[in-house]
Amino acid sequence: PSRVQISNPYLDAWGGGWLITTGRAVYDIVTNAFICCISVDLYTEHINRIMREVKLDEFGILTLVRNDAAGTVVASPKFDFDTATSTTTVDDPILKTGIDGEMFDEIKSNFDRITSNEFSRRRDAKDNSFKSEEYIISAFPIPPIPEKYEPAY
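Below or above, wherever it landed, is the structure these notes cover. The structure displayed is predicted, hence computed values, not measured ones.

Turning to the pairing of strand β4 (residues 34-43), a few remarks are in order. Pairing analysis gives 9 bridges linking strand β3 (residues 18-27) to β4, with the strands arranged antiparallel. When the sheet's bridge partners are listed, Thr21 is paired in β4 with Asp41. In this structure, the hairpin formed by β3 and β4 is closed by a connection of 6 residues, where Asn32 is found at a positive phi of approximately 65 degrees.

Right under this line is the structure:
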């Protein structure tokens, strides 16, 4: 009940583009009775805009991928969400991530073992580096949303 749920990207029914939805159930703190759900829709283009502001060297590619079984791409400068009719996955050759299905499974397995207490330790790049034929991939999980308000989050 306290988990934040994040959807795969999907096409907005009103033609606004690709969205992801995040949401969480809210329960009464005393009775534990369900009160409501809170959700937020975010256009993938807004995420791409933020990612374009991240300065990498000329060879760096920033791609945001869900930690799901397929490695669904949420945002990438190499994927044109404006013309896409379906989502894609991290091993799509058009994206040129250098990640195949086997490597994604290894990355995912690495992240699945991480507890929330380990996130600060995982900032060390050597713990999060993977080598493909063409690239060195640094992969970092997004820390879980804290249960209580934390100004530093």
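Having seen the structure, we can now continue with the description.
Considering the arrangement of structural elements, one finds Ala25 in strand β3. Spatially, the C-alpha atom of Ala25 lies 6.4 Å from that of Ile38, the residues being 13 residues apart in sequence.

On the secondary structure map, Asp92 appears in the loop between β6 (73-75) and α2 (101-112). Separated by 2.9 Å, the side chain of Asp92 and the backbone nitrogen of Ile94 make a polar contact.

Further remarks concern the environment of Glu106. Its place among the elements puts Glu106 in helix α2. We classify Glu106 as partly exposed; its relative accessible area is 48%. Taking the C-alpha atoms as reference, Glu106 lies 8.9 Å from Phe130; in sequence the two are 24 residues apart.

In this section: the nonpolar core. Taken as a class, soluble globular proteins show a tendency for nonpolar side chains to be buried jointly. In terms of nonpolar packing, the biggest core is built from 9 residues, these being Val90, Ile99, Met103, Phe104, Ile107, Phe111, Phe130, Ile137 and Ala139. For this core, the element with the highest residue contribution is α2, accounting for 4 residues. Not counting chain neighbours up to four residues away, the residues in contact with Ala139 comprise Ile107, Phe111, Asn128 and Phe130. Of all hydrophobic cores here, the second largest spans 6 residues; its members include Trp18, Phe79, Phe81 and Ala84.

The rules behind the values
- Residues numbered from 1 in each chain as written.
- Predicted model: local features only at pLDDT ≥ 70, side-chain atom pairs only at ≥ 80, totals over all residues.
- Heavy atoms only, no water.
- Pairing = 2+ DSSP bridges.
- Helix = DSSP H or I, 4+ residues; strand = E, 2+ residues; numbered from the N terminus.
- Polar contact = N/O pair within 3.5 Å; in protein donor to acceptor, adjacent residues only side chain to side chain.
- Buried < 20%, exposed > 50% of the residue type's maximum accessible area, 1.4 Å probe, protein only.
- Core = buried A, V, L, I, M, F, W, Y, C linked by side-chain atoms within 4.5 Å.
- Contact = heavy atoms within 4.5 Å.

Spatial relationships are all this shows, so hold off on functional conclusions.
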